[in-house]
Amino acid sequence: MSNLFNTCMEQPPATPQRHLNWPSKITHVLVGLVLVLLAVAGLAYFKERQQKAGIACNVRLVGMSLKIYANENGGYYPFLDDQWPTANAGFRQLIEHEALIDEKLLGAVSSPYIPDGVIGQAPEFKDAARPGECHWMVTKQSGTFANGTDPLIYDNAIDAKWPLRWRADANGKPVRGRTLFGGMVVIGFNDTSVRFIKLNREGPFLVLPENLVLRSPGFEENLQVADIEERK
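Everything numeric in this text was worked out from a predicted model, so none of it was measured.

### A look at the sheet that holds strand 8 (residues 225–226)
What the five strands build is an open sheet, ordered 5-4-2-1-8; its pairing is antiparallel. The open sheet terminates on both sides in strands that have one partner only, identified here as strand 5 (194–198) and strand 8. Direction of pairing for strand 1 (residues 136–139) relative to strand 2 (residues 151–155): antiparallel, over a ladder of three bridges. Bridged to Trp136 within strand 2 is Asp155. This element, helix 3 (residues 87–96), spans strand 1 and strand 8 of the sheet and lies at about 85 degrees to strand 1.

### Some details on helix 3
With eight of its 10 residues buried, helix 3 lies for the most part within the structure. Downstream of helix 3 by a residue or two, Glu98 has a phi angle that is positive, lying close to 60 degrees.

### Quick notes on the sheet that holds strand 7 (residues 205–207)
An order of 3-7-6 is seen for the three strands of this open sheet, with the pairing classed as antiparallel. Among the strands making up the open sheet, the edge pair consists of strand 3 (165–167) and strand 6 (200–202). Here the average twist between neighbouring strands, direction ignored, is 45 degrees. Bridge count between strand 3 and strand 7: three bridges; the pairing is antiparallel. Considered in strand 7, the bridge of Arg165 is made with Val207.

### Observations concerning the nonpolar core
By size, the foremost hydrophobic cluster in this structure holds 53 residues, and its most contacted members are Ile55, Phe91, Trp136, Leu164, Trp166 and Leu208. Going through the elements one at a time, helix 2 (22–71), helix 3, strand 1, strand 2, strand 4 (184–189), strand 5 and strand 8 are the ones with two or more residues in this core. It is helix 2 that contributes the most residues to this core, seven residues altogether. Not counting the four nearest positions on each side in its chain, Leu164 is found in contact with Met137, Tyr154, Ala157, Asp159, Leu206, Val207 and Val225.

### Side note on the pairing of strand 5
Bridge count between strand 4 and strand 5: five bridges; the pairing is antiparallel. Each bridged residue has a counterpart across the sheet, and for Val185 the counterpart in strand 5 is Ile197.

So, how was this worked out
Residues numbered from 1 in each chain as written. Predicted model: local features only at pLDDT ≥ 70, side-chain atom pairs only at ≥ 80, totals over all residues. Heavy atoms only, no water. Pairing = 2+ DSSP bridges. Helix = DSSP H or I, 4+ residues; strand = E, 2+ residues; numbered from the N terminus. Contact = heavy atoms within 4.5 Å. Axes fitted to C-alpha atoms, helices over the stretch in contact; angles between N-to-C directions. Buried < 20%, exposed > 50% of the residue type's maximum accessible area, 1.4 Å probe, protein only. Core = buried A, V, L, I, M, F, W, Y, C linked by side-chain atoms within 4.5 Å.

Spelled out as structure tokens, the structure:
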């Protein structure tokens, strides 16, 4: 009994509990919410960076495939009105000539135009780049002879008329002419470089900035764009 008494006496006194008042509780909750929001924003930022890196890589590979084709076909890319007037038709030529191996490079994240990867049998590859399977629009009548700073590959716009216009009111909907990253479009240039360009607001549309690049003489006056083929 004496030992039990001594043991109890040797125990340190219990630490008194602190009760948070309402202002302290609110502060703790707000700090927690801020940390959660920062974590979510950080994840979104890195996800967007990853998506941009993937798209830039795809566009660069498409640009390189155009160079391969042109080197074997008089320096021209396969987007000619008299033979292959649409973007899809031109990309089918790349696949037929085995300059482009993976059809899925013709798509983009969150785009309504998604290739299924099925290209059909050689030599025609009739299932390649079918309507609704190509996201990218391309400058016509161009080739390796053009200025390296000339725009070549574009996110699909509202139509194929130059200057190109994109939707300011897509609100994230997967529709033609939407921008993928908050008012930005992806452009691949003739030197196979890729840039994400912030568009300017012009009435109900978004347009390219006037000082986009140092263009070849007469670039805009003669420019035509190969349109995408949509599903009917």
